[in-house]
Amino acid sequence: AAFAGPALAAPGELPRLESKDGRHALIVDGAPFLMLGAQANNSSNYPEMLDEVWPVLEAMHANTLEIPIAWEQVEPVEGRFDFSYLEALLEGARAHDTRVVLLWFGTWKNTSPSYTPAWVKLDNARFPRMKAPDGSDHYVLSPLSQNTLDADRRAFVKVMEYLRDHDAQNTVIMVQPENETGSYRVPRDYSAAANAQFAKAIPAALAKAEGKSGTWEEVYGKQAPRAFQTWHVAHFVNEVAKAGKAVKNLPMYVNASLAGPSNVPDPTGVASGGPQWDVLDIWKAAAPDIDFAGPDIYDRESANIVAYLDKYARPDNALMVPEIGNSIEFARFFWPTIGRGGIGFAPFGMDDTGFFNYPLGARTLDEETLGAFALPYATLAPIAREWAKIAYTRPTWGAAKPDDGAPRETVLGHWKISADWGQWQFGEKDWTWLPSEPPEWAEAPVGGVAVAQLSKTEYLVMGDHVRVRFSPADGTANGVVVSVEEGTFENGKWVLKRRWNGDQTDYGINLIDRPQVLKVTTGFYSSK
Ligand code: N0T
């Protein structure tokens, strides 16, 4: 028979999240996958815009596109569904060898119903908005409405049915039901029905998780309205996710509009109901079908960013950064994300549609800005599968240059590993006999490193604008770096390109402006 062209891809093993010993892996096509992601702008979810998206992803060396699919576009008329956009998206992604994370913009998009179809927006009797304490309507759709849940879930299930029937090769690897849920300004629904619920005892599943029982106010005090709202939003989102997973069991996660690392205990100052880190336990109890929650990071203070990474990297919560600002200073936090075993990372607003969310992100996506994200992605892209496997099973560490430029260090095995910033590749800062100026990257918000301990003696090291040093953790004098190899992995095996030695190692290992993967071998010499 004549060759009939590529067959429809055979149904692959479903993507899934796996966790073991407090570490996590996103399994895609049967093996750990590192999501080198990029999120498109909010209104790029139309076939004609996709041509402005793919080239940016390619320039970044991204392997995954996060992009919305809106309820208003798939069900403009109730009960009539249109998947032409999804069809174009899958086709484009496959042609560009890119995986997709679909963002379901439904009942809540940054808390608002803006992406619901007109027949939802305009029918407040059937799809009620929350009530404020004074009885007025609040802009957010109530999470207690069964009608809203039924309608949202029905449309979401149709999306998942489309994926089940048209995406056997799992181009879509994950789904985010809703976007930045919660409610600004009014911390919970104050409708009569909600008030009646609020007066009752907290649900048994929550009481069990918290190890406390009583009314919302008895258990949560001042945060009671927010805890109540959180439970109901999480329950709603879980019902949507559960129904979708029953159709096609893809990993599903939620994203949080953050409230500052102290989480502003004022419940009116936060997207109340969303999965901020201090209410993750409520989310976990109410939404067992959600695989994890991730932080949307737009705070530019380095200490805050690292605090968020720590709060979301938990044995029961895989770290994934679904959104981070796309200006240069955010790029370096890729390194501490993967150093904490993060399964993915995605700067927001990565397309050429001419929109910029400055001051949250970049003013414009110029070459330098794209380059800041492209460098770590280009480093990881060729070994992403290997790194994901290593990070699932081996100790890892990562750091970004803090705002004050202070060095960072850790101990992995018998070795202390330190990272310093803003130095030339040659020489020492305190060499006063040889006049020099600091390099141009000394003042720039760049610099990061990620390390994995491969074995008792071997370490994988990557980064940019960083000087890395190894020294024996216990100060033993006979510890030496035996070799520094630059190379890559091929079919799971380390392949040497060259050894670094001499000037390239005499002043630490200096990774500056190009993708380089190093394997450092350490040892202790014996004198007997
Ligand atoms: C993010 C993005 C997109 C008073 C912002 C951050 C994305 C959403 N929201 O470009 O809208 O869809 O998840 C909200 C941060 C609000 C800051 C307001 C300061």
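Here is a short report on the structure shown in this document. Think of each chain on its own: its residues are numbered from 1, step by step along the sequence as written. Per-residue local features are limited, in this predicted model, to residues with pLDDT of at least 70; the limit for side-chain atom pairs, both in listing and counting, is 80 or more; totals at the level of whole chains, interfaces and linings are taken over all residues. Note that water and hydrogens are dropped before the side-chain values are worked out from all heavy atoms of the structure.

1. With respect to the packing of helix α5 (residues 146-166) against helix α9 (residues 224-247)
Link 1 in the chain: It is at 8 Å that the axes of α5 and α9 come closest, and there the two elements cross at 30°. Taken together, the axes of α5 and α9 are roughly parallel relative to one another. Regarding α5 and α9, the two cross each other, and that crossing is right-handed. Contacts from Thr148, Leu149, Asp152, Arg153, Phe156, Val157, Met160, Glu161 and Arg164 of α5 reach α9 at Phe236, Glu239, Val240, Ala241, Ala243, Gly244 and Val247.
Link 2 in the chain: A class-by-class count of the residues in the contact of α5 with α9 yields nine nonpolar, two polar and five charged. Whenever a helix is involved, its axis is fitted only over the stretch in contact; in every case the axis is a line through C-alpha atoms, and angles between N-to-C directions fall within 0 to 180 degrees. Under the scheme used here, helices are H or I runs from DSSP no shorter than 4 residues and strands are E runs no shorter than 2 residues, and both carry numbers assigned from the N terminus. Relative orientations are named as follows: roughly parallel for angles under 35 degrees, roughly antiparallel for angles over 145 degrees, roughly perpendicular for angles from 65 to 115 degrees, and oblique for any other angle. Each crossing gets its handedness from the near helix: less than a right angle anticlockwise from the far helix is left-handed, clockwise is right-handed. Contacts were defined at the residue level, with two residues in contact if any of their heavy atoms lie within 4.5 Å. Nonpolar residues are Ala, Val, Leu, Ile, Met, Phe, Trp, Tyr, Cys and Pro. Charged residues are Asp, Glu, Lys and Arg, and all others, Gly as well, are polar.

2. Structural notes on the sheet that holds strand β2 (residues 23-28)
Backbone hydrogen bonds are what pair the strands of a sheet, in a parallel or an antiparallel way.
Link 1 in the chain: Two strands pair under a simple rule: DSSP has to find at least two bridges between them. Ordered in space as β1-β2-β3, the three strands form an open sheet in which the pairing is antiparallel. Two strands lie at the open edges of the sheet, namely β1 (16-20) and β3 (31-33), each paired on one side alone. Within this sheet the neighbouring strands show an average axis-to-axis angle of 50°, counted without direction.

3. Quick look at the pattern of salt bridges
A side chain with one charge may pair with a side chain of the opposite charge, provided their charged atoms come close.
Link 1 in the chain: A pair is scored as a salt bridge if a Lys or Arg side-chain nitrogen falls within 4 Å of a carboxyl oxygen belonging to Asp or Glu. Here the structure, examined in full by the defined rule, presents 31 salt bridges.
Link 2 in the chain: Where Glu161 meets Lys158, a salt bridge forms, and the shortest distance between an N and an O atom there is 3.8 Å. Separated by three residues within a single helix, Glu161 and Lys158 lie in helix α5, roughly one turn from each other.
Link 3 in the chain: The exposure class assigned to Glu161 is partly exposed, which follows from its relative accessible area of 23%.
Link 4 in the chain: Among the salt bridges present, the one from Arg332 reaches Asp403, with a minimum N-O distance of 3.2 Å. One end of the pair, Arg332, is in the loop between α12 (328-331) and α13 (334-339); the other, Asp403, is in the loop between β14 (396-400) and β15 (408-412), and 71 residues separate them in sequence.
Link 5 in the chain: For Arg332, a relative accessible area of 5% translates into the label buried.
Link 6 in the chain: The buried label applies to any residue whose accessible area, calculated with a 1.4 Å probe on protein chains only, is under 20% of its type's maximum; exposed applies above 50%, and partly exposed to all values in between. The partly exposed category is assigned to Asp403, whose relative accessible area is 49%.
Link 7 in the chain: Several salt bridges converge on common partners, so that one network encompasses Glu75, Glu78, Arg126 and Arg154.

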